[in-house]
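Tertiary structure, described
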Amino acid sequence: MNEVRIDKWMWATRIFKTRTVASDACKKNRVSVGGANVKPSRMIKVGDVISVRKPPVTYSFRVLDVTGNRMGAKLVPQYLENITPPEQYEILEMNKISGFVDRAKGLGRPTKKDRRELEQFTGDESDVVAVTSFDWDETFYEDAK
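Remember, predicted model here, so these are calculated numbers, not experimental data. (Residues numbered from 1 in each chain as written. Predicted model: local features only at pLDDT ≥ 70, side-chain atom pairs only at ≥ 80, totals over all residues. Heavy atoms only, no water.)

Time to look at unusual backbone geometry. A cis amide bond links P55 to the next residue, P56, at an omega of 5 degrees. Counting through the fold element by element, P56 comes out in the loop between β5 (49–54) and β6 (57–63). Positive phi, close to 65 degrees, is recorded for R14, a residue that is not glycine. Structurally, R14 is set in the loop between α1 (6–12) and α2 (19–27). Its relative accessible area of 41% is what places R14 among the partly exposed residues. Backbone geometry at N29 places phi at a positive 60 degrees, although glycine is not the residue there. Within the secondary structure, N29 is located in the loop between α2 and β2 (31–33). When its relative accessible area of 41% is taken as the criterion, N29 is described as partly exposed. (Helix = DSSP H or I, 4+ residues; strand = E, 2+ residues; numbered from the N terminus. Buried < 20%, exposed > 50% of the residue type's maximum accessible area, 1.4 Å probe, protein only.)

Quick look at the structure:
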């Protein structure tokens, strides 16, 4: 086997979970070979460099061997070489670190602190006053009279 479809190869080497997801990525112009966007049916061969855009990062892989059969994760290094530049991983780390910091004020669910401040502002002290003794039978009989 000298050539294989790119969607099948990306699925087999575990770049994507399913072949359908790999095909969709190609159709959405997120996969390129040698800088040119490719269709899912594009045949790839040993030595091709594939770029896969999974926002915010663009991963790059060199094809070391072709296969159409899905494999275990331990066998993947025999079929591809990850040549993604370190800058891409730095972008990924920055996104992880930033987390919800970029969230604009007022968007999303309120935090506990926001809720407490709101309750303090409105004066809504929702403390439940506990009744120490209450006789249900006595109330029932009074209502029945």
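Time to look at the pairing of β5. In this structure, β2 lies alongside β5, joined through 3 bridges in antiparallel fashion. In the sheet register, V33 faces β5, and the bridge partner there is I50. Linking two consecutive strands that pair antiparallel, namely β5 and β6, is a turn of 2 residues. (Pairing = 2+ DSSP bridges.)

What is shown is where atoms sit, not what they do.
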